[in-house]
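Overview (structure and organization)
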Amino acid sequence: MNARNRPPLDRKRVADAALKLLNETGLEGLTLSAIGRELGVKAPALYWHFKDKQALLDEMATEMYRRMVAQIPLRPTDTWRERLRAYGHGLRGALRGYRDGARVFSGSRFTGVEHAEQMEENLRLLTAAGLTLPQAVRATTTTYLYTVGFVIEEQGVEPLPGERREGYDVGERARMMADFPLAAAAGAEIFADYDRHFEEGLELVLAGIATRYGVD
């Protein structure tokens with residue numbers, strides 16, 4: 001496609017191209033020059049839209065969030081547990097869709113206010129269930145932090161679903177740690193079956209919220 005026929009460059013188009021390229025290069029290889037080549041423009045053209053790489057990461061995280069929310073309908077009949085459970089699973093699924101997705105998302109600042117609608121609805125539901133606003137904030141942020149932290153560690157082993165980095169052979173690890181039988185056996189719990197581990201951990205978070213704040 002020549003320059004005349006290309007759609008105009010805007011923030012969303014740049015973020016879309018960056019997210020596509022992320023799965024090929026990972027975060028370390030994601031440069032403005034590489035994104036420019038993907039879009040068929042020179043890197044300086046991107047600076048009209050993003051002052052630096054962090055600004056681009058902020059927009060990428062915002063776009064990831066938009067896509068996630070589109071897949072998680074807000075059901076008025078949800079209990080607080082159902083809502084936080086859906087949020088945790090939805091966020092994990094969105095982050096795992098991109099190589100280094102959790103690292104891109106972590107610490108980024110949303111560039112719009114689209115997240116406010118879901119945030120408002122979540123806080124409304126939790127406060128209606130009996131939590132104070134500070135407690136509702138703590139419950140939602142703890143769920144968020146657990147999920148992002150889990151996926152950062154998960155993607156250190158499995159950068160994308162079905163892909164595994166070298167050096168995480170559970171059997172080899174067990175042989176190397178044979179003098180420490182419990183630690184050796186723990187490898188199968190730490191470095192495999194992430195779906196089950198995430199589910200169990202999320203349920204621990206929800207149980208802790210219920211116990212700490214006295215809600216059903």
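Residues numbered from 1 in each chain as written. Predicted model: local features only at pLDDT ≥ 70, side-chain atom pairs only at ≥ 80, totals over all residues. Heavy atoms only, no water.

An unreviewed UniProt entry annotates the chain as TetR family transcriptional regulator of Streptomyces roseolilacinus.

To continue, consider the overall build of the chain. Looking only at helices and strands, one finds 10 helices and zero strands in the chain. Start at the N end of the chain and walk to the C end: the helices and strands fall as α-α-α-α-α-α-α-α-α-α. In terms of overall dimensions, the chain has a C-alpha envelope of 60 × 50 × 25 Å along the principal axes. Within the chain, the fraction of its 216 residues that count as buried is 41%. Taking all contacts inside the chain whose residues are at least 6 apart in sequence as the whole, residues at least 24 apart take part in 71%. Carbon and sulfur atoms form 56% of the exposed surface of the chain, whose accessible area is close to 12,000 Å². If the 29 positive side-chain charges of the chain are averaged to one point and the 31 negative ones to another, these points end up 6 Å apart. (Helix = DSSP H or I, 4+ residues; strand = E, 2+ residues; numbered from the N terminus. Buried < 20%, exposed > 50% of the residue type's maximum accessible area, 1.4 Å probe, protein only. Contact = heavy atoms within 4.5 Å. Areas by Shrake-Rupley, 256 points an atom, 1.4 Å probe, with all protein chains shown as cover. Lys, Arg positive; Asp, Glu negative; His and termini not counted. Charge placed at Lys NZ, Arg CZ, Asp CG, Glu CD.)

This paragraph deals with the packing of helix 4 (residues 80–96) against helix 10 (residues 194–213). At a minimum axis separation of 11 Å, helix 4 and helix 10 run at an interaxial angle of 145 degrees. Here helix 4 runs over helix 10; the crossing is right-handed. Packed against helix 4, whose contacting residues are Trp80, Arg81, Leu84, Arg85, Gly88, His89, Arg92 and Arg96, the element helix 10 presents Tyr194, Asp195, Phe198, Glu199, Leu202, Glu203, Leu206, Ala207, Ile209 and Ala210 at the interface. Taken together, the residues of the contact of helix 4 with helix 10 break down into nine nonpolar, two polar and seven charged. (Axes fitted to C-alpha atoms, helices over the stretch in contact; angles between N-to-C directions. Left-handed = near helix turned anticlockwise from the far one by under 90°. Nonpolar A, V, L, I, M, F, W, Y, C, P; charged D, E, K, R; others polar.)

For the rest of this paragraph, the subject is the packing of helix 6 (residues 115–128) against helix 7 (residues 133–157). With their axes 9 Å apart at the nearest point, helix 6 and helix 7 run at an angle of 120 degrees to one another. Accordingly, the angle class assigned to the pair helix 6 and helix 7 is oblique. Judged by the sense of rotation from one axis to the other, the crossing of helix 6 with helix 7 is right-handed. Residues Leu123, Leu126 and Thr127 of helix 6 pack against Leu133, Ala136, Val137, Ala139 and Thr140 of helix 7. Considering only residue class, the contact of helix 6 with helix 7 consists of six nonpolar, two polar and no charged. (Parallel < 35°, antiparallel > 145°, perpendicular 65-115°, else oblique.)

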